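Listed below, chain by chain, are the residues.
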Amino acid sequence: MEETREKLYTPSYVKAEAEYFPGFGKKELRLSLLMSSFVVGIGMILWVITGDLAMVVLAVLIGVAGTIIVNTKNAANLSMVTFVVLMIYFLKEQQRFLYHYMDEWS
């Protein structure tokens, strides 16, 4: 008797977590809210220094939009923040290797 095996089908572009819009889920929302709170704090400091409310509101709006943009993941599942962190890890790794190529038959 011959057994028939069904092939396993793994769909592409299926995310494990729910997303509010493509590339932006709960984890990215929390990080964006944290970063936005720093932007609002800087805006308050700017308002105390300059006294110009219009400039502060514009800076806060641009800052909040920027935090959402840098935390949104692309098709490769990397955000700009993650990419910068990975590049920092790469630069800290050993870049010089202390072995030399030698011909195997000599």
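A brief structural summary. (Residues numbered from 1 in each chain as written. Predicted model: local features only at pLDDT ≥ 70, side-chain atom pairs only at ≥ 80, totals over all residues. Heavy atoms only, no water.)

1. A look at the overall build of the protein chain
In terms of helices and strands, the protein chain carries three helices and two strands. Traced from its N-terminal end to its C-terminal end, the protein chain shows the element sequence β-β-α-α-α. Considered along the principal axes of its C-alpha atoms, the protein chain spans approximately 80 × 55 × 15 Å. The buried share of the protein chain, reckoned over its 106 residues, is 13%. Pairs at least 24 residues apart make up 48% of the contacts formed inside the protein chain by residues separated by at least 6 positions. (Helix = DSSP H or I, 4+ residues; strand = E, 2+ residues; numbered from the N terminus. Buried < 20%, exposed > 50% of the residue type's maximum accessible area, 1.4 Å probe, protein only. Contact = heavy atoms within 4.5 Å.)

2. Digging into unusual backbone geometry
Phi at Asn77 takes a positive value of approximately 65°, unusual for a residue other than glycine. With respect to the helices and strands, Asn77 occurs in the loop between helix H2 (53-71) and helix H3 (80-92).

3. Quick word on the environment of Thr10
With respect to the helices and strands, the residue Thr10 is situated in the segment before strand E1 (19-21). Taking the relative accessible area as the measure of exposure, Thr10 reaches 59% and is therefore exposed. Distance from Thr10 to Asp52, taken between C-alpha atoms, is 55 Å for residues 42 residues apart in sequence.

4. Examining the packing of aromatic side chains
Overall, the coordinates contain one aromatic pair when judged by the stated rule. Relative to Phe24, the ring of Phe21 has its centre 4.9 Å away and its plane inclined at 0°; by these criteria the two rings are stacked. Taking the relative accessible area as the measure of exposure, Phe21 reaches 38% and is therefore partly exposed. For Phe24, a relative accessible area of 4% corresponds to the buried category. (Phe/Tyr/Trp six-rings, centres within 6.5 Å; stacked < 30°, edge-to-face > 60°.)

5. Re the packing of helix H1 (residues 26-50) against H2
H2 packs onto H1 with a crossing angle of 160° between their chain directions and a minimal axis gap of 9 Å. Taken together, the axes of H1 and H2 are roughly antiparallel relative to one another. With respect to the hand of their crossing, H1 and H2 are arranged in right-handed fashion. Here Glu28, Leu31, Ser32, Met35, Ser36, Val39, Val40, Gly43, Leu46, Trp47 and Thr50 of H1 lie close against H2, whose contacting residues are Leu53, Met55, Val56, Ala59, Val60, Gly63, Val64, Thr67, Ile68, Val70 and Asn71. (Axes fitted to C-alpha atoms, helices over the stretch in contact; angles between N-to-C directions. Parallel < 35°, antiparallel > 145°, perpendicular 65-115°, else oblique. Left-handed = near helix turned anticlockwise from the far one by under 90°.)

6. Some remarks on the pattern of salt bridges
Using the criterion set out here, one finds one salt bridge in the structure. Across the pair Lys73 and Glu28 runs a salt bridge, and its minimum N-O distance is 3.3 Å. Here Glu28 lies in helix H1 and Lys73 lies in the loop between H2 and H3, a separation of 45 residues in the sequence. For Glu28, a relative accessible area of 7% gives the class buried. (Salt bridge = Lys/Arg side-chain N within 4 Å of Asp/Glu carboxyl O.)

7. Section: H1
Its 25 residues give H1 an end-to-end C-alpha distance of 35 Å, which sits within 8% of 36 Å, the value for a rise of 1.5 Å per residue. Taken together, the buried positions of H1 are occupied by Glu28, Ser32, Ser36, Val39 and Gly43. Where H1 is buried, its residues contact strand E2 (24-25) and H2. Of the residues one or two after H1, Gly51 is the one with positive phi, at around 80°. (Expected span 1.5 Å × (residues − 1).)

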